[in-house]
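Spelled out, the chains give:
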Amino acid sequence: MSKKKSSLILAAAAALLLLIFLLSLLVGRYPLTLGGLLAAEPDSMERRVFLNLRLPRTIIAALGGFGLGIAGYVYQTVFRNPLAAPDIIGVSSGASVGAAMGILFLSASPLAVTVSAFCGALSAVLLALGLAFAASGLARTYQRSDTASLVLAGIAVHALAQTLLMLLKITADPEKELAAIEYWIMGSLSGANLRQLPVFLGVCISCSAAIFLIHRHILMLAVDEEEARLLGVPVNRMRLAVLLLATLIVASTVSVTGLVSFIGLLAPHIARLLLQRHWLATLALSGLLGAILLCMADILARSAASGELPVSIFTSLLGVPFLLYLMLKKEKN
Amino acid sequence: MNSSLEPDPFFSVRQLSFSFDSRQILDQISFNLPRGSLAGLLGNNGIGKTTLLRTLCGLLPHAGSCTLAGKALEKMSERQLAQNISYIPQRNEISISLSALDVVLMGFHSRLGLFQAPSAGQRRRALEALETVGLANCADQEYHTLSEGQRQLCLLARTLVEDTGLLILDEPDSALDFANRHLILRTLQKLTAGQDRAGLLCLHDPWLALEYCDPLLLLRDARTIVTLHPLMDTCQEMQEHFREIYGPLSLRRCEDGCGRSHLVLLPESED
């Protein structure tokens with residue numbers, strides 16, 4: 001595929017995202033119009049809804065989706081496995097345990113749950129990385145495969161987190177706490193607000209920028225490990241740094257949105273089918289598609305029924321048919 | 001004939017040992033490679049040739065020392081190693097879609113800064129390297145869609161741009177047809193002869209090694225490596241050593257249509 005065609009696809013995706021971003025600002029239980037917003041008094045209901053709820057929510061959906069998209073692509077590259085997703089090293093399950101603990105033991109305010117989910121996600125990943133490091137140190141290494149150690153450690157942490165989550169659910173009050181935990185796990189941006197924005201923006205933007213800046217090094221991790229080392233890549237340190245960057249993005253996003261990690265698997269696959277060869281362009285397109293998917297899913301989640309629906313329903317409903325269409329088209333060609 | 005220990009060898013391996021699962025795979029192996037040489041590593045399947053190459057590259061923990069132009073490889077960082085050694089493994093896998101040119105550009109990685117991209121000059125050199133190995137028309141083609149042999153040529157192009165002092169290649173010819181097999185070995189010969197570098201390649205075909213390499217390193221078992229010099233040693237001497245590895249055979253000198261002399265190994269029946 002020519003660079004011109006790649007640029008065209010990227011430009012089209014960016015334009016579509018802009019359109020959906022604007023639509024997302026206006027659609028909801030309290031409908032807004034551009035004219036109304038411009039004419040409204042500074043202290044009016046329209047302005048307050050726009051600035052305190054709609055704008056932060058849309059920014060979180062767009063940037064969170066972008067982050068999940070690029071993090072998914074990075075995981076797939078680093079693990080050299082197209083099925084790798086954020087949960088491969090326990091991010092999502094760690095976040096779920098963190099959120100459940102926040103709901104049960106902290107104030108259950110959105111901010112407390114967010115912070116608790118973030119800490120849970122990071123703890124799970126650090127535990128998985130620690131286990132993998134210990135395992136690869138113990139089995140010192142005729143046929144090196146530190147990625148396999150990481151995947152196994154991730155599976156172990158995921159299983160452990162699921163057990164913890166079950167225990168927490170058993171102790172939860174079925175009427176309130178259990179419902180809140182289940183709702184969080186299904187993912188929703190209904191709790192997104194202005195107070196969450198600074199930390200989320202800071203983490204998400206800085207980590208995404210770092211990933212783009214060191215993209216050439218991430219690309220080198222797609223090469224066989226020994227070969228990469230002899231091309232001058234400090235494989236273990238680079239992999240650790242890149243995984244931490246991607247994990248911070250995912251943790252900061254799911255701690256605000258609940259589990260919507262399917263985007264991390266879906267967006268990179270669609271991007272790869274559309275672009276095929278240019279890694280950097282595919283990385284950017286994964287992000288744009290992730291943002292489009294999450295924004296559209298969020299619009300539908302808040303407008304398809306009289307109440308808020310879980311956002312994950314719509315990320316799958318929107319993404320899977322498109323992915324299947326592209327796969328079939330590729331088969332045909 | 002046995003490891004000629006020159007006073008100041010370009011690449012020197014001393015007492016190299018590696019064990020795995022309480023099995024001694026390499027036991028105090030020593031040899032030297034002079035500047036400008038292209039050495040062929042020969043030996044039976046499973047004897048430890050690939051392990052030896054991986055150990056030399058610092059990929060496996062080992063005892064003993066390897067020095068290149070007086071510098072100990074064991075003390076080098078990944079980056080320094082990459083600036084001194086080019087390595088083509090037996091098998092190569094890249095898990096994402098990349099063009100052949102992108103794969104060759106990876107050869108510059110160790111010379112680029114953290115945020116630096118390959119320059120226009122480096123891209124030009126990468127294209128020239130692809131041209132040298134006969135892949136000029138494949139620069140934009142996806143690496144995965146190249147044939148196995150073309151991939152090996154592409155990796156050789158990457159080795160060309162790496163411009164290092166030591167080339168280590170593990171069966172670089174295994175998927176190549178007759179013409180490309182000779183192309184790759186001629187290219188390696190040109191790359192090393194009279195240059196400030198040495199090459200060590202593992203080959204399965206002793207005839208190719210006899211044709212293009214000097215010295216030949218025959219790995220007989222975990223602790224015995226014999227160094228042969230096809231240009232200096234007698235046929236009889238070399239034949240004896242080849243027989244110890246490959247069984248009954250004859251080593252003969254013959255001439256091609258242009259009057260050039262070649263060494264040829266002929267298998268002999270035991271009955």
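This is a predicted model, so every value here is computed, not measured.

Notes on the pairing of strand β1 (residues 11–20) of chain B
All names here are of chain B. In this structure, β1 lies alongside strand β4 (residues 63–68), joined through five bridges in antiparallel fashion. Within β4, the residue paired with Arg 14 across the bridge is Ser 65. Across seven bridges, β1 lies against strand β2 (residues 23–33) in antiparallel orientation. Bridge pairing links Ser 19 to Gln 24 in β2. Here β1 folds back onto β2 in antiparallel fashion, the turn holding two residues, of which Asp 21 has a positive phi close to 55°.

Observations concerning the environment of A:Leu160
Relative to the helices and strands, A:Leu160 resides in helix α6 (residues 146–171). Considering only alpha carbons, one finds A:Leu160 and A:Leu8, 152 residues apart in sequence, at a separation of 45 Å.

Some details on empty space enclosed by the protein
Residue and element names in this part refer to chain A. As enumerated under the stated definition, the model contains one cavity of 30 Å³ or more in all. Estimated volume of the largest cavity: approximately 40 Å³. Forming the boundary of the largest cavity are Val 78, Arg 80, Leu 221, Val 223, Glu 225, Ala 228, Val 235 and Arg 239. Taken together, the elements giving at least two residues each to the lining of the largest cavity come down to α10 (225–229) and α11 (235–257). For the lining of the largest cavity, the per-class residue count stands at five nonpolar, no polar and three charged.

Details of the layout of surface pockets
Estimates place the volume of the largest pocket at around 690 Å³. Along the wall of the largest pocket there are 31 residues; nearest its centre are A:Lys3, A:His215, A:Leu280, B:Asp102 and B:Arg123. For the lining of the largest pocket, the secondary structure elements donating two or more residues are α1 (3–26), α9 (215–220) and α13 (279–303) of chain A together with α3 (100–105) of chain B. Looking at side-chain class alone, the lining of the largest pocket contains 17 nonpolar, eight polar and six charged residues.

Things to note about the nonpolar core
With 154 residues, the main nonpolar core has A:Tyr75, A:Ile89, A:Trp184, B:Cys154, B:Leu216 and B:Phe242 as its most contacted residues. Discounting residues that sit within four places of it in the chain, B:Leu216 has contacts with B:Gly40, B:Leu42, B:Ala209, B:Leu210, B:Val226, B:Thr227, B:Leu228, B:Pro230 and B:Phe242. The next biggest cluster of nonpolar side chains, apart from the first, holds 34 residues, and it includes B:Ile29, B:Met76, B:Ile85 and B:Ala198.

Quick notes on the sheet that holds strand β7 (residues 166–170) of chain B
Residues and elements named next belong to chain B. The six strands lie next to each other as β6-β7-β8-β3-β9-β10, forming an open sheet whose pairing is mixed. Because the sheet does not close on itself, it has two edges, and the strands there are β6 (85–88) and β10 (224–228). The average angle at which neighbouring strand axes cross in this sheet is 15°, direction not considered.

Brief notes about the packing of aromatic side chains
All names here are of chain B. Overall, the coordinates contain six aromatic pairs over all chains when judged by the stated rule. Ring geometry for Phe 11 versus Phe 31: centroids 6.4 Å apart, planes at 70°, classification edge-to-face. Residue Phe 11 is found in strand β1, and its partner Phe 31 is found in strand β2; the two are separated by 20 residues along the sequence.

Some remarks on the packing of helix α5 (residues 148–162) of chain B against helix α6 (residues 178–192) of chain B
All names here are of chain B. Running from N to C, α5 and α6 cross one another at 10°; their axes reach a closest spacing of 11 Å. Compared by their axis directions, α5 and α6 come out roughly parallel. Contact residues: α5 offers Gln 152, Leu 153, Leu 156 and Leu 160, while α6 offers Asn 180, Leu 183, Ile 184, Thr 187, Leu 188 and Leu 191. When its residues are assigned to classes, the contact of α5 with α6 shows seven nonpolar, three polar and no charged.

A closer look at the side chain of A:Thr282
Structurally, A:Thr282 can be placed in helix α13. Those residues within four positions of A:Thr282 in sequence are excluded, and the remaining contacts are A:Tyr73, A:Ala271, A:Arg272 and A:Leu275.

Re the sheet that holds strand β5 (residues 71–72) of chain B
Residues and elements named next belong to chain B. Strand order in the open sheet formed by four strands is β2-β1-β4-β5, and the pairing between neighbours is antiparallel. Strand pairing shows two members of the sheet lacking a second neighbour, β2 and β5, which therefore form its edges. Relative to β5, β4 runs antiparallel, the two being bridged by two bridges. Pairing of Leu 68 across the sheet is with Lys 71, part of β5.

Rules behind the numbers
- Residues numbered from 1 in each chain as written.
- Chains lettered and ligands numbered in written order.
- Predicted model: local features only at pLDDT ≥ 70, side-chain atom pairs only at ≥ 80, totals over all residues.
- Heavy atoms only, no water.
- Pairing = 2+ DSSP bridges.
- Helix = DSSP H or I, 4+ residues; strand = E, 2+ residues; numbered from the N terminus.
- 1 Å grid on protein atoms, 1.4 Å probe; cavity = no way out; pocket = protein on both sides within 12 Å on 5 of 7 lines; lining within 4 Å.
- Points joined across faces, edges and corners; volume = space filled by probe spheres on them.
- Nonpolar A, V, L, I, M, F, W, Y, C, P; charged D, E, K, R; others polar.
- Core = buried A, V, L, I, M, F, W, Y, C linked by side-chain atoms within 4.5 Å.
- Buried < 20%, exposed > 50% of the residue type's maximum accessible area, 1.4 Å probe, protein only.
- Contact = heavy atoms within 4.5 Å.
- Axes fitted to C-alpha atoms, helices over the stretch in contact; angles between N-to-C directions.
- Phe/Tyr/Trp six-rings, centres within 6.5 Å; stacked < 30°, edge-to-face > 60°.
- Parallel < 35°, antiparallel > 145°, perpendicular 65-115°, else oblique.

Any link to function would need more than the numbers given here.
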